[in-house]
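Spelled out, the chains give:
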Amino acid sequence: MTLEPALPRDWYVDPDAWRTERERVLLREWTCVGRRDDLGLGEPRRLVVVDVLGESVLLTADEDRALHAAYNVCRHRGSQIVPTLPGSPPACSEVGALRCPYHSWTYALDGRLLRAPHTEEGDVDPAEFSLHPVAVEEWGGFVFVHLTPAEARPLAESVARPTETLANYALGDLVTGLRFEYDVAANWKVLAENYNECYHCGPVHPELSRLVPAFGSGGSGIDWDHGVPHREGAWTFTMTGTTARAPLPGLDETERTHHKGELVYPNLMLSCSADHVAAFMLRPQGVERTTIECLLLFAADAVAAPGFDPSDAGDLWDLVNRQDWAICESVQRGMSSRAYTHGWFAPMEDDSADIRRWLVPRLEGHP
């Protein structure tokens, strides 16, 4: 058996390495910040403030519901347009314009400067004092932002694979039926690598492995493109493997009995069952801490139905999630030991778990 070396220790535990990675890579990639409807941006004239890798970002929907994004920084003296403490949860409000509380410089919802009080005509050229832009796009009902818009490639390139493999799930039509939030003492890459392989499923997830026997075999030989079959009589991710909810409309026969998953680097993980989709958004808070928002998405008519109860799926996902986070925290503690230099990828892990193929070229691409 040939083992391939994984990324070096410092990339998981060293604060300086984290700051380099954040600046050179994460701030130069599309980041998923949530579902448009959950953020409150489904209606016109809406504003929400989100934290993205330590930067405060204004997200707006204008009169025509078009999305805009900008840094939460007034162009006059640098005050936040919406004073927001780090880590504050997003709160949506209806607005007609953006007014800085310091000197009342006022901006349109698309970031254009509208008014700079007590300045003479010609003193301030509005075209030169728009808010610092952040690129924003929507895919499958998810909102993505790019904090270095001059370098942003089309979001379609980042989501090309799931656009094809998950087309039948109609992600944009689904609605949130249940939400979990977790605070995990581990580097975001540990979580992404763990999600992307099932070598660990047998020892870490006995309940899940009974539901999907192929997971218990270490993940070798699984046809991830076409999905993973459940045990006989089971067809979805619930505690029993079944549910009273109907499969999502549009699925083919294989998708009605198989499970699919995708990872949209760097922070959106999608796990698709026949009746619901679990979406995980990783939010790195530092080199050894990541918060995770887990949304269970269902067909809109299922959520609107009397007596809708997502607990059969929620109970399984919360169990599996907590098993994952516990083992990832153990990995993080082990990586912090002076005895650890780097890990190894077994052959069945190499293609799926190896984050090097995504991260290293991006680090090398920025001086």
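Up top is the structure.
Residues numbered from 1 in each chain as written. Predicted model: local features only at pLDDT ≥ 70, side-chain atom pairs only at ≥ 80, totals over all residues. Heavy atoms only, no water.

Enquirer: Outline the overall build of the protein chain, supporting the account with residue identities and numerical values.
Expert: When helices and strands are counted, the protein chain shows 12 helices and 18 strands. Oriented by its inertia axes, the alpha-carbon framework of the protein chain measures out at about 75 × 55 × 30 Å. Within the protein chain, buried positions represent 49% of all 367 residues. In the protein chain, 64% of the contacts between residues at least 6 apart in sequence involve partners at least 24 apart. Within the protein chain, one finds 32 positive and 55 negative side-chain charges whose respective centroids are separated by 4 Å. (Helix = DSSP H or I, 4+ residues; strand = E, 2+ residues; numbered from the N terminus. Buried < 20%, exposed > 50% of the residue type's maximum accessible area, 1.4 Å probe, protein only. Contact = heavy atoms within 4.5 Å. Lys, Arg positive; Asp, Glu negative; His and termini not counted. Charge placed at Lys NZ, Arg CZ, Asp CG, Glu CD.)

Enquirer: Provide a residue-level description of the sheet that holds strand β16 (residues 277–286), including the pertinent values.
Expert: If you walk across this open sheet you meet the six strands as β12-β17-β16-β15-β14-β13, and the pairing is antiparallel. Since the sheet does not close on itself, it has two edges, and those belong to β12 (175–184) and β13 (228–229), each with one partner. Packed onto the sheet, helix α10 (residues 311–335) meets β12, β14 (258–264), β15 (268–272), β16 and β17 (289–298) and runs at close to 20 degrees relative to β12. (Pairing = 2+ DSSP bridges. Axes fitted to C-alpha atoms, helices over the stretch in contact; angles between N-to-C directions.)

Enquirer: How would you summarise the environment of leucine 174 if you had to cite specific residues and measurements?
Expert: Structurally, leucine 174 is set in the loop between α5 (160–165) and β12. Assessed through its relative accessible area of 6%, leucine 174 is described here as buried. Taking the C-alpha atoms as reference, leucine 174 lies 9.3 Å from leucine 248; in sequence the two are 74 residues apart. Apart from residues no more than four positions distant in its own chain, leucine 174 is found in contact with Arg35, Tyr169, Leu248, Val277, Leu297, Phe298 and Ala299.

Enquirer: Before we move on, could you go through the pattern of salt bridges and cite the residues and values that matter?
Expert: Per the counting criterion, the structure on display carries 22 salt bridges. Between arginine 19 and aspartate 16 there is a salt bridge; the shortest N-O distance is 2.2 Å. Of the two residues, arginine 19 and aspartate 16 are both situated in helix α2 (residues 15–24); the distance of three residues between them amounts to about one turn of the helix. We note a salt bridge from aspartate 318 to arginine 322, for which the minimum N-O separation is 3.1 Å. (Salt bridge = Lys/Arg side-chain N within 4 Å of Asp/Glu carboxyl O.)

Enquirer: Pulling in residues and values, what's your account of the state of the cysteines?
Expert: Scanning the model with the defined rule gives one disulfide in all. Disulfide pairing is shown between cysteine 198 and cysteine 201; the S-S distance is 1.9 Å. Here the S-S torsion is close to -105 degrees, and the disulfide linking cysteine 198 with cysteine 201 is therefore left-handed. Judged on exposure class, the residue cysteine 198 and its partner cysteine 201 are both buried. Among the cysteines around cysteine 92, which has no disulfide bond, cysteine 32 carries the closest sulfur, lying 17 Å off. (Disulfide = S-S within 2.5 Å.)

Enquirer: So, the packing of helix α6 (residues 188–195) against α10: which residues are in play, and what are the values?
Expert: α10 packs onto α6 with a crossing angle of 130 degrees between their chain directions and a minimal axis gap of 10 Å. Considering their axes alone, α6 and α10 lie oblique with respect to each other. At the point where α6 passes α10, the crossing takes the right-handed sense. Of the residues in α10, those touching α6 at Val190, Leu191 and Asn194 are Asp324, Trp325, Ile327, Cys328, Val331, Gln332 and Met335. Residue composition of the contact of α6 with α10, grouped by class: seven nonpolar, two polar and one charged. (Parallel < 35°, antiparallel > 145°, perpendicular 65-115°, else oblique. Left-handed = near helix turned anticlockwise from the far one by under 90°. Nonpolar A, V, L, I, M, F, W, Y, C, P; charged D, E, K, R; others polar.)

Enquirer: Which residues make up the packing of aromatic side chains, and what values do they have?
Expert: On inspection of all chains with the given rule, the structure shows 11 aromatic pairs. Ring plane angle 65 degrees and centroid distance 5.6 Å describe the contact between tyrosine 182 and tryptophan 325, whose orientation is recorded as edge-to-face. Taken together, the residues tyrosine 182 in strand β12 and tryptophan 325 in helix α10 connect sequence positions 143 residues apart. Exposure remark for tyrosine 182: the relative accessible area of 6% places this residue in the buried category. Through a chain of ring-to-ring contacts, three or more aromatic side chains come together here, namely Phe180, Tyr182, Tyr195, Phe237, Phe280, Trp317 and Trp325. Directly above the aromatic system of tyrosine 12 lies the positively charged group of lysine 189, at a separation of 5.1 Å from the ring centroid. (Phe/Tyr/Trp six-rings, centres within 6.5 Å; stacked < 30°, edge-to-face > 60°. Lys NZ or Arg CZ within 6 Å of the ring centre and 35° of its normal.)

Enquirer: With reference to specific residues and values, describe the sheet that holds strand β9 (residues 113–115).
Expert: The three strands are arranged β7-β8-β9 in an open sheet whose pairing can be described as antiparallel. Each edge of the sheet is formed by a strand with only one pairing partner; in this case those strands are β7 (98–99) and β9. As defined by bridge partners, β7 adjoins strand β8 (residues 106–107) across two bridges and the pair is classed as antiparallel. Within the sheet, the bridge partner assigned to arginine 99 lies in β8 and is threonine 106.

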